[in-house]
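Fold and geometry: a report
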Amino acid sequence: MMQASDLPVITIIELTPKASYREEALEAIQTISLAAAGFHGYQSADIFEKVTAGGAIVFAIILRFDTYANLTSWNDSEQKARQIALSKNLFKEVTPEVKLTGLEFWFENKQQKGVVQPTKWKMLIITVCIIFTLLHTLMPFIRQLLRPIGMPQMINTLVGIIMMVTLMTYVVMPFITRIFSKWLFKSKG
């Protein structure tokens, strides 16, 4: 039986660069993600940039490892410590690292602090319902839209999946998480 520690894990770190060090900070983040790529179990890294309501730039680095143990190996490594030490003067704020396994990364509750992650069965029900709905609404629409172009079915499916996952990550799941927050999340204590 697969243990939770054997599941893939995602770690997210948000870093706010000092105003005059934007480019250097981005290079440092890219160097850190390249260093992580040399570790056993590394799967991928994504770097996102967002601008806050106050106009500050925040970088988010999302690292994926195949197991929690391999992520821990990276987190406890001398290479990571060295890269962080070399770049710490470039950032004015670093948020605490968030580690997620399975579906949790789609179920963030930013409105309420001090809540426990939803149970896996609740995340499963919501995710299945959303994927089922998108498969029967979005995918036919995409096929219809791309049919005149004459693209192969495999490309149509790939485009559909990319659009589905993007919508789920940035639009649908944050919206659904807000709507069902009372059912999904329990307060700590």
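Our structure's up above, just so we're on the same page.
Structure report, in brief. Position numbers for residues count from 1 along each chain, tracking the sequence in the order it is written. For this predicted model, a pLDDT threshold of at least 70 governs which residues receive local features, and a threshold of 80 or more governs which side-chain atom pairs are given and counted, while totals over whole chains, interfaces and linings are taken from all residues. Side-chain measures here rest on the full set of heavy atoms in the structure, leaving out hydrogens and waters.

**Digging into the pairing of strand β1 (residues 9-17)**
For every residue, the accessible area obtained with a 1.4 Å probe (protein chains only) is divided by the maximum for its type, and the residue is called buried under 20%, exposed over 50%, and partly exposed between those limits. A run of DSSP states H or I qualifies as a helix once it reaches four residues; a run of E qualifies as a strand once it reaches two. Both are numbered from the N-terminal end. The buried fraction of β1 is high, at eight of nine residues. A pair of strands is treated as paired once DSSP finds two or more bridges between them. Relative to strand β3 (residues 57-65), β1 runs antiparallel, the two sharing seven bridges. If you follow Leu-15 over to β3, its bridge partner there is Phe-59.

**Topic: the side chain of Ser-77**
Among the secondary structure elements, Ser-77 is positioned in the loop between α2 (68-75) and α3 (78-87). As used in this structure description, the phrase polar contact means that two N or O atoms lie within 3.5 Å; if the pair is within protein, one of them must be able to donate a hydrogen and the other to accept it, and residues adjacent in sequence are counted only when both atoms belong to side chains. For Ser-77, the side chain forms a polar contact with the main-chain nitrogen of Lys-80, separated by 3.1 Å.

**Topic: the environment of Ile-61**
The residue Ile-61 is located in strand β3 in this model. Counting along the chain gives 31 residues from Ile-61 to Gln-30, while the straight-line C-alpha distance between them is 8.8 Å. The residues touching Ile-61, leaving out its near neighbours within four places in the chain, are Thr-11, Ile-12, Ile-13, Leu-15, Ile-29, Ser-33, Asp-46 and Ile-47. Any two residues having at least one pair of non-hydrogen atoms within 4.5 Å are treated as being in contact.

**What about the packing of helix α4 (residues 120-146) against helix α5 (residues 153-179)?**
Between N-to-C directions, angles cover 0 to 180 degrees, with each direction set by a line fitted to C-alpha atoms, over the stretch in contact for helices. Between α4 and α5, whose axes approach to 9 Å, the crossing angle comes to 135 degrees. It follows from the interaxial angle that α4 and α5 lie oblique. Relative to α5, α4 is oriented so that their crossing is right-handed. Partitioned by chemical class, the residues of the contact of α4 with α5 number 18 nonpolar, five polar and one charged. Under this scheme an angle from 65 to 115 degrees is roughly perpendicular, one under 35 degrees roughly parallel, and one over 145 degrees roughly antiparallel; angles in between are oblique. Crossing handedness: left-handed means the near helix sits turned counterclockwise from the far one by under a right angle, and right-handed means the same turn made clockwise. The residue classification treats Ala, Val, Leu, Ile, Met, Phe, Trp, Tyr, Cys and Pro as nonpolar and Asp, Glu, Lys and Arg as charged. All others, Gly included, are polar.

**Some remarks on the packing of aromatic side chains**
In this analysis, rings of Phe, Tyr and Trp, with Trp reduced to its six-membered ring, are considered paired at centre separations within 6.5 Å, and the interplanar angle assigns stacked below 30 degrees, edge-to-face beyond 60, and tilted for intermediate values. This structure, assessed with the given rule, holds three aromatic pairs. Where Tyr-42 meets Phe-65, the ring centres are 5.9 Å apart and the plane angle is 80 degrees; that geometry is what we call edge-to-face. Of this pair, Tyr-42 sits in strand β2 (residues 42-51) while Phe-65 is found in strand β3, placing the two residues 23 residues apart along the sequence. Since its relative accessible area comes to 24%, Tyr-42 is described here as partly exposed. For the pair Phe-180 and Trp-183, a centre-to-centre distance of 6.5 Å together with 70 degrees between the ring planes defines the contact as edge-to-face.

**Structural notes on the pairing of β3**
Counting buried positions over the nine residues of β3 gives seven, a clear majority of the element. Pairing of β2 with β3, which is carried by nine bridges, proceeds in the antiparallel orientation. Across the sheet, the residue bridging to Lys-50 is Val-58, located in β3. As consecutive antiparallel partners, β2 and β3 are separated by five residues, and within that stretch Gly-55 has a phi angle of approximately 95 degrees, a positive value.

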